[in-house]
Amino acid sequence: MTAPTLRIALVQAASALEPEANRATLAELAGRTADTDLMVFPEAFARDFGEAGSDVSAFAEPLDGPFASTVSAAATDAGTTVVAGMFEQGPDPERPWNTLVVRGGAEASYRKVHLYDSFGYRESDRLTAGEVEPVVVEVAGWQVGLMTCYDLRFPELARALVDRGAEVIAVPAAWVAGPRKVHHWRTLLTARAIENTVYVAAVGQPAPRYCGHSMVVDPFGEVVAEGGPGSPDEPEVVRATADRAVLEEARKVNPSLRNRRM
């Protein structure tokens, strides 16, 4: 069943090093972010990465553990679908998965495919990459694809999600701050939206460590809503509405998905 609109809330908030505190923060912020169909929290919201290269294995949980259970309860209480990032226990106890959990109106999980071995970082030293299996879920009558942070730099994953029916791509992130990084973030989000004629809803952890600038981009590449750099002390909720009429018009005017030859 299709729906004419999808109400999106991007919760740009910082995760701390204490998992219990993050669970409480998620429950509180979800509780006061009403009237939404899709609520997206950043990557690694269950527990921040810590210092670069830190061992996060002690903070990995199963998909029915405390964090995912909190996400589920918060989604139920708010009458919405919540997406949030965590570290998930896997076959290698020293290198968990970087996972998104989806709970509420839909239930799914996505393990980050592309690990952040770039700009001087080595995420693969501490985490295990997920299998290359694009994940699309139905949320309030819309098909929503999932990507995590560094995945944004790989256009083939976004295209694979669209080939599986995605109309919106949700991108939780902890986009590390640095020279040109906000420019890359905004440019890549816009490119993924334009080339795939989809909405892109991306939420990042805030400055100063990360870039913030959570944003929703429509299928024409127009920025529908955007937050600022933010701060750890002041969570910001960026709201936007995806409109099916805009999606259909973009795909009519710019039929690049139909015109592909490769």
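The structure contained in this document is the topic of the report that follows. (Residues numbered from 1 in each chain as written. Predicted model: local features only at pLDDT ≥ 70, side-chain atom pairs only at ≥ 80, totals over all residues. Heavy atoms only, no water.)

### A short note on the overall build of the protein chain
Here is step 1: Summing up its helical and strand segments, the protein chain has six helices and 12 strands in all.
Here is step 2: Relative to its length of 262 residues, the protein chain is compact, with a C-alpha radius of gyration of 17 Å against a globular reference of 18 Å.
Here is step 3: With the C-alpha coordinates aligned to their principal axes, the bounding extent of the protein chain is approximately 50 × 40 × 35 Å.
Here is step 4: Scored against the burial criterion, the 262 residues of the protein chain give a buried share of 54%.
Here is step 5: At a minimum sequence separation of 6, the contacts of the protein chain that also span at least 24 residues come to 70%.
Here is step 6: For the protein chain, the computed accessible surface area is about 11100 Å², with 51% contributed by carbon and sulfur atoms.
Here is step 7: Side chains of the protein chain give 25 positive and 36 negative charges; the mean places of these two sets differ by 7 Å. (Helix = DSSP H or I, 4+ residues; strand = E, 2+ residues; numbered from the N terminus. Rg over C-alpha atoms; globule rule 2.2 N^0.38 Å. Buried < 20%, exposed > 50% of the residue type's maximum accessible area, 1.4 Å probe, protein only. Contact = heavy atoms within 4.5 Å. Areas by Shrake-Rupley, 256 points an atom, 1.4 Å probe, with all protein chains shown as cover. Lys, Arg positive; Asp, Glu negative; His and termini not counted. Charge placed at Lys NZ, Arg CZ, Asp CG, Glu CD.)

### Focus on the side chain of Glu43
Here is step 1: Checked against the element boundaries, Glu43 lands in the loop between strand 2 (38-40) and helix 2 (66-78).
Here is step 2: At 2.7 Å, the side chain of Glu43 forms a polar contact with the side chain of Asn98.
Here is step 3: With sequence-adjacent residues up to four places away left out, Glu43 is seen in contact with Phe49, Gly85, Asn98, Lys112, Glu123, Thr148, Cys149, Pro172, Ala173, Ala174 and Gln205. (Polar contact = N/O pair within 3.5 Å; in protein donor to acceptor, adjacent residues only side chain to side chain.)

### Some thoughts on the packing of helix 1 (residues 19-31) against helix 2
Here is step 1: At a closest axis distance of 9 Å, the pairing of helix 1 and helix 2 adopts a crossing angle of 10°. On the basis of the axis angle, helix 1 is roughly parallel to helix 2. Between helix 1 and helix 2, the contacting residues are Arg23, Leu26, Ala27 and Ala30 on the first element and Pro66, Phe67, Thr70, Val71, Ala74 and Ala78 on the second.
Here is step 2: A breakdown of the residues in the contact of helix 1 with helix 2 according to their chemical character gives eight nonpolar, one polar and one charged. (Axes fitted to C-alpha atoms, helices over the stretch in contact; angles between N-to-C directions. Parallel < 35°, antiparallel > 145°, perpendicular 65-115°, else oblique. Nonpolar A, V, L, I, M, F, W, Y, C, P; charged D, E, K, R; others polar.)

### A few points about the sheet that holds strand 1 (residues 5-12)
Here is step 1: An order of 5-4-3-2-1-12 is seen for the six strands of this open sheet, with the pairing classed as mixed. In this open sheet, the two strands that pair with only one neighbour each are strand 5 (108-111) and strand 12 (236-243). Pairwise comparison of adjacent strand axes, ignoring direction, gives a mean angle of 25° for this sheet.
Here is step 2: Pairing between strand 1 and strand 2: three bridges, direction parallel. Each bridged residue has a counterpart across the sheet, and for Leu10 the counterpart in strand 2 is Val40. (Pairing = 2+ DSSP bridges.)

Function-wise, these values are silent; they only describe arrangement.
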